[in-house]
Amino acid sequence: MTTDPRRERLDELLTLQAIEGLSPDEVRELNQLLELLPGEDKESLELAAAALHLAFSPPPETMPSSVAEKLYTAAIQFMPRPVVSPATLTTRVGWLSWSGWAVAATLLIALLYTQWPRPAMAPNPPSLAELRDQLKPRAAEFVGQKNQVIATIVWSDQEQIGYMEVKGLPPIDPQAGTYQLWIVDGERPQGSPPVDGGVFRVNPDGTVLVPIRPPIQVKKAAAFAITRETDPGGVVVSQVKPEDYEVVLTKKG
Amino acid sequence: MIGTESVLTRIAAGDPTAVPECIARYGALVWSLARRFLGNTTDAEDAVQDVFIDLWKNAARYDPARASEPTYITMIARRRLIDRKRRAGRTVTAQPLPEETIGGGGNNSHLEIQDEAAKAAAALNELREEERRVIQMAVYQGLTHEEIAATTGLPIGTVKTHIRRGLIRVRERLSVGGGGR
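A. Summary view of the overall build of chain A. What chain A contains, in helices and strands, is seven helices and eight strands. In chain A, which comprises 253 residues, the proportion classed as buried is 46%. Look at the contacts in chain A between residues 6 or more apart in sequence, and 62% of them connect residues 24 or more apart. Surface accessibility of chain A: about 12800 Å² in total, with carbon and sulfur atoms responsible for 55%.

Here you go:
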């Protein structure tokens, strides 16, 4: 154990920082001590607390599709807008295929400086339907129908991205449960549970269009299924029997 | 394609495809952290966005030699969530623990997360039961020193010592085992 009172106080502050956070006075004191005791890592105990948090945590719960959608929108806004030349002014550029940020940022600044037309600088972020349509040429299509429910999914194993559109799925009370998407990975051993594709809700008219980004890699999507789960946050492994699936989607053509 | 290469490093290098991949890889982790810290879904939604924007803006600060990516992202998320609670002037609400305790993350999908959990759990297993319990209450349940003292009946000084010793032990273990990847 350390005997230097300054070092002990430093560890005390680093511990407090990792667990409860510091007041402005404590931050100042911590910085002063770090100057006096060079070589100490300011984040070392925060990293230790983070590792412990991971040790204590159960498997992460799937992020609801509504939250994921907001996050992807934020990502689009965070990333620089694609910059197009006047000759290709009407061409939409897929946001996943943008060139490096540095180039985009430099060109964007140049365009702003020279006051080029606004549409060339900041086109609206693409809608989910547009993003799906852009993905289609590089993806496989899955379709399914059961009673009045019709579902289509455009999915790319390569990019690990997909979009699901459903019609005819009755809305359910969020407190009573949720719909959940499952992905059958053809590369997994026989009998493996399907991969969680996320939970989602439908609009009052029974339709929904949501992005699919599974938490783990799906090597080769063979089919998709939608279940109705009674846990509002979704489940890790569904107990719903296959005959009770809302709909199963298989590869088109 | 999802791989094992650090997405933060790729974001810092200007790879735009790394941004959505960062969400795909760590969305569930950050969402679960926010839900545990904040309890209510609306706050958690805002917080998740704050955390990711912070990560993207400061991606260049991530050093793979110091810590693995899941641990670093958990650290940033915890920091933002703790700040958020402090600003709101609220104390962390203790939530019931799940059945899983140490090693409860063993079913995590990401091998990286399993690896981090294993190192930290190994360090904790070297501590006494009372120390482990205090650390769990502090780190995972987010209880303050005072709340832990009131719950366990231990003097506050002992609570502080247990937490500090525990974190230092984990720090040593991570540094010996190589926190980075």
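B. Inspection of the pairing of strand 4 (residues 178–185) of chain A at higher detail. Residue and element names in this part refer to chain A. The buried fraction of strand 4 is high, at seven of eight residues. In the sheet, strand 4 pairs with strand 7 (residues 221–229) via eight bridges, with the strands oriented antiparallel. Following the sheet pairing, Trp182 is matched in strand 7 by Ala225. Across five bridges, strand 4 lies against strand 5 (residues 195–200) in antiparallel orientation. From the neighbouring strand, Tyr179 faces strand 5, where its bridge partner is Phe200.

C. Region of the structure containing the interface of chain A and chain B. Taken together, the contact pairs 59 residues of chain A with 72 residues of chain B. Between chain A and chain B, a total of about 5900 Å² is buried, with carbon and sulfur atoms accounting for 68% of that surface. On the chain A side of the contact with chain B, A:His53, A:Leu54 and A:Phe56 bury the most area, a combined 13% of that side's loss. Seen at the junction of chain A and chain B, the total is six salt bridges. Residues A:Lys70 and B:Glu45 are paired through a salt bridge, measuring 2.8 Å at the closest nitrogen-oxygen approach. Where chain A touches chain B, the interface holds 12 residue pairs in polar contact (both at pLDDT 80 or more).

D. Region of the structure containing the packing of aromatic side chains. Residue and element names in this part refer to chain A. As enumerated under the stated definition, the model contains six aromatic pairs over all chains in all. Ring centres of Phe142 and Phe224 lie 4.9 Å apart, and the angle between their planes is 75°; on these two criteria the pair is classed as edge-to-face. Of the two residues, Phe142 is situated in strand 1 (residues 140–146) and Phe224 in strand 7; the sequence distance between them amounts to 82 residues. Phe224 sits in the buried class, given a relative accessible area of 0%. Here the aromatic cluster, defined as three or more aromatic residues joined through ring pairs, consists of Phe142, Trp155 and Phe224.

E. A look at the sheet that holds strand 7 of chain A. Residues and elements named next belong to chain A. Overall, antiparallel pairing links the eight strands, which are arranged 5-4-7-8-1-2-3-6 in an open sheet. Edge strands, defined here as strands with exactly one partner in the open sheet, are strand 5 and strand 6 (208–212). Direction aside, the axes of adjacent strands within the sheet are offset by 20° on average. In this sheet, strand 8 (residues 247–251) lies alongside strand 1 in antiparallel orientation, the contact comprising two bridges. From the neighbouring strand, Phe142 faces strand 8, where its bridge partner is Lys251.

Criteria and cut-off values
Residues numbered from 1 in each chain as written. Chains lettered and ligands numbered in written order. Predicted model: local features only at pLDDT ≥ 70, side-chain atom pairs only at ≥ 80, totals over all residues. Heavy atoms only, no water. Helix = DSSP H or I, 4+ residues; strand = E, 2+ residues; numbered from the N terminus. Buried < 20%, exposed > 50% of the residue type's maximum accessible area, 1.4 Å probe, protein only. Contact = heavy atoms within 4.5 Å. Areas by Shrake-Rupley, 256 points an atom, 1.4 Å probe, with all protein chains shown as cover. Pairing = 2+ DSSP bridges. Buried area = accessible area lost by both parts, 1.4 Å probe. Salt bridge = Lys/Arg side-chain N within 4 Å of Asp/Glu carboxyl O. Polar contact = N/O pair within 3.5 Å; in protein donor to acceptor, adjacent residues only side chain to side chain. Phe/Tyr/Trp six-rings, centres within 6.5 Å; stacked < 30°, edge-to-face > 60°. Axes fitted to C-alpha atoms, helices over the stretch in contact; angles between N-to-C directions.

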